[in-house]
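Structural characterization, general
The lines below spell out each chain.
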Amino acid sequence: MSSPVGEKPGEACGVFGAYVAETHIANLIYFGLFALQHRGQESAGIAVSDGHRLTAYKNMGLVSNVFDRNTLGGLQGSIGIGHTRYSTTGSSTWENAQPAFRAVGHRNIALGHNGNLTNTADLAMRLGSAAGTTDSELMTSAIAEQIQKDENMSLAEAVAAVLPEFEGAYTLVVMDDTSVVAVRDPHGFRPLSLGRIGDEGWVVASETAALDLVGAAFEHDVLPGEMIVLTEAGVESSFPQGRQPSRLCVFEYVYFARPDSNLAGQNVQAARVLMGRRLAQEAPADADVVIPVPESGIPAAQGFAWESGIPYEDGLVKNRYVGRTFIEPEQMLRDQGIRLKLNPIRDVLDGQRIILVDDSVVRGTTTRQLVELVRSAGAREVHLRISSPPYRWPCFYGMDTSDRDALLAAHRTEAEIAEFLAVDSLAYLTLEGLEESLPDANQTFCNACLSGDYPTAIGDDKFVLEQP
Ligand code: SF4
């Protein structure tokens with residue numbers, strides 16, 4: 001996911017799967033992918049089956065660019081999967097777009113993946129170089145290999161047989177001619193929800209907002225380690241690897257998920273407002289106005305303003321029509337680059353002591369430009385408040401932050417960060433404050449990028465743990 005200010009971690013994909021009898025399922029998946037576009041904008045794909053023949057179409061670009069009436073019309077069948085991709089492993093090429101596809105004997109399989117495996121190198125070594133260049137391709141090859149060994153195996157049996165080989169984060173949708181298998185890794189790093197359409201239709205999606213868009217009623221969050229199988233006969237649930245405590249990515253609440261989605265029973269927008277309220281309690285500031293960094297900072301800024309009693313105002317306007325820019329601005333314009341995405345409103349900022357609220361700062365370079373920008377529009381003081389703790393550690397579970405040295409907070413104290421960003425004061429929400437703003441005291445989260453506490457073993461070859 002590209003952020004409005006271009007420096008947030010990228011999300012690793014959205015997945016969707018559905019079976020609805022006597023429905024041209026490609027159209028339904030297409031709309032579901034619209035609701036998951038924020039999770040990946042590099043490529044999109046759909047695979048469907050009419051019970052005998054699996055067909056797939058994928059291409060680079062946004063969902064609205066990839067599919068049209070013709071491509072959707074060619075995707076015949078009532079069962080299928082869809083995917084939006086942001087590449088965190090492998091390059092951004094058509095070959096790496098998903099669903100990944102394999103022909104095995106008389107069957108075909110297709111797979112969509114959200115997350116990152118942490119044992120990709122081992123898997124690649126075992127499966128050989130022809131098995132693929134991304135973790136998603138390797139998983140597809142591993143499932144195909146199982147089916148090759150025993151053609152009578154169901155897809156669900158083949159998936160269950162290879163799951164113990166996968167380490168790290170994976171929420172998968174896999175299909176063959178007659179079934180869709182959806183599974184979350186035993187820690188449940190990435191979300192997945194099950195919904196129902198009428199009496200005989202079933203949908204799984206990365207976020208509940210996608211269920212809403214296709215008119216599916218929410219059934220339940222697929223649990224960590226749970227495998228859901230959708231077929232003509234209905235829906236089945238099992239736990240092929242047993243159950244483990246959830247380690248849902250805490251950043252889904254902070255930044256990744258849509259505000260209109262619910263995660264583990266809590267609305268994301270409401271959680272972000274609570275984070276802002278808590279931040280105002282933990283780190284008040286004497287100021288005239290609370291300004292959000294749009295759009296991701298808006299709910300936390302509202303919470304901050306409501307809790308502190310300081311007026312909330314929109315002091316930055318986001319250009320909604322900027323997607324990816326393919327050309328570098330000329331030198332003359334480069335310093336103005338941030339204005340392509342955000343422009344300050346002088347009437348709101350001039351002469352004011354502002355509290356600028358954002359949900360996170362990962363690399364920091366654009367935040368520094370943003371502070372300069374609001375000062376250039378007359379802000380007298382800038383008090384930066386961040387509604388999550390410092391992002392100090394790389395993520396190996398599906399975000400594009402694996403280079404620790406690129407993280408602003410990795411090796412700096414808060415005073416050094418404030419100096420780098422040239423703000424009058426800086427405060428982050430504490431980890432306790434963040435987790436107490438979230439749904440359920442019994443729910444446990446992954447917060448490794450904020451704490452350095454990784455829920456799974458990370459190979460020594462990736463990085464060496466050290467305190468900042
Ligand atoms: S390391 Fe951070 S971004 Fe990655 S899964 Fe854990 S909480 Fe989410």
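Keep in mind the model is a prediction, meaning the values are calculated, not measured. (Residues numbered from 1 in each chain as written. Predicted model: local features only at pLDDT ≥ 70, side-chain atom pairs only at ≥ 80, totals over all residues. Heavy atoms only, no water.)

**Looking at the packing of helix α5 (residues 135-149) against helix α6 (residues 155-162)**
To be explicit about the condition: The angle between two axes is taken between their N-to-C directions and runs from 0 to 180 degrees, where each axis is a line fitted to C-alpha atoms and a helix contributes only its stretch in contact. Only runs of H or I of at least four residues qualify as helices and only runs of E of at least two qualify as strands under DSSP, and these elements are numbered from the N terminus. Orientation labels follow simple angle bins: below 35 degrees gives roughly parallel, above 145 gives roughly antiparallel, 65 to 115 gives roughly perpendicular, and whatever is left gives oblique. By the definition used in this description, the sense in which the near helix is turned from the far one sets the handedness, with an anticlockwise turn below a right angle giving left-handed and a clockwise turn giving right-handed. What makes two residues a contact is simply this: any of their non-hydrogen atoms within 4.5 Å. When residue character is reported, Ala, Val, Leu, Ile, Met, Phe, Trp, Tyr, Cys and Pro are called nonpolar, Asp, Glu, Lys and Arg charged, and the others, Gly included, polar.
Interaxial distance between α5 and α6 falls to 9 Å at its minimum, and their mutual angle equals 120°. Looking at the two axes, α5 sits oblique to α6. In the crossing of α5 with α6, the sense of the turn from one axis to the other is right-handed. Contacts between α5 and α6 involve Ala 142, Ile 143, Gln 146 and Ile 147 from the first element and Leu 155, Ala 158, Val 159, Ala 161 and Val 162 from the second. Across the contact of α5 with α6, the residue classes tally to eight nonpolar, one polar and no charged.

**Side note on unusual backbone geometry**
Convention followed: Under the scheme applied here, a residue whose accessible area is under 20% of the maximum for its type counts as buried, over 50% as exposed, and between as partly exposed, the area being computed with a 1.4 Å probe on protein chains only.
Residue Pro 99 is reached from Gln 98 by a cis peptide bond, and omega for that bond is 10°. Mapping Pro 99 onto the fold places it in the loop between β4 (79-85) and β5 (100-104). Residue Glu 295 is reached from Pro 294 by a cis peptide bond, and omega for that bond is -5°. Looking at the element boundaries, Glu 295 is found in the loop between β17 (289-292) and α10 (298-308). Not every positive phi belongs to a glycine, and Glu 22 is a case in point at roughly 55°. For Glu 22, a relative accessible area of 80% puts it in the exposed group. Positive phi, close to 45°, is recorded for Ala 264, a residue that is not glycine.

**With respect to the confidence of the model for the protein**
This is how the line gets drawn: The predictor attaches a confidence to each residue, called pLDDT, with possible values from 0 through 100.
On average, residues of the protein score 90 in pLDDT, and 90% of them reach the 70 mark or higher. Note on residues 324-329: pLDDT is under 50 here. Beyond four places in sequence and across chains, it has six contacts. Confidence drops under pLDDT 50 across residues 460-468; counting only partners more than four residues distant or on other chains, this segment forms 20 contacts.

**Here's the deal with the site of the ligand**
Test applied: Whether a residue is near a molecule or strand is decided by its heavy atoms; if any one of them lies within 4 Å of it, the residue is near.
Every residue close to the ligand is listed here: Arg 190, Cys 249, Val 250, Phe 251, Tyr 391, Cys 395, Tyr 397, Met 399, Cys 446, Asn 447, Ala 448 and Cys 449. Residues that form the shell around the ligand fall into these classes: ten nonpolar, one polar and one charged.

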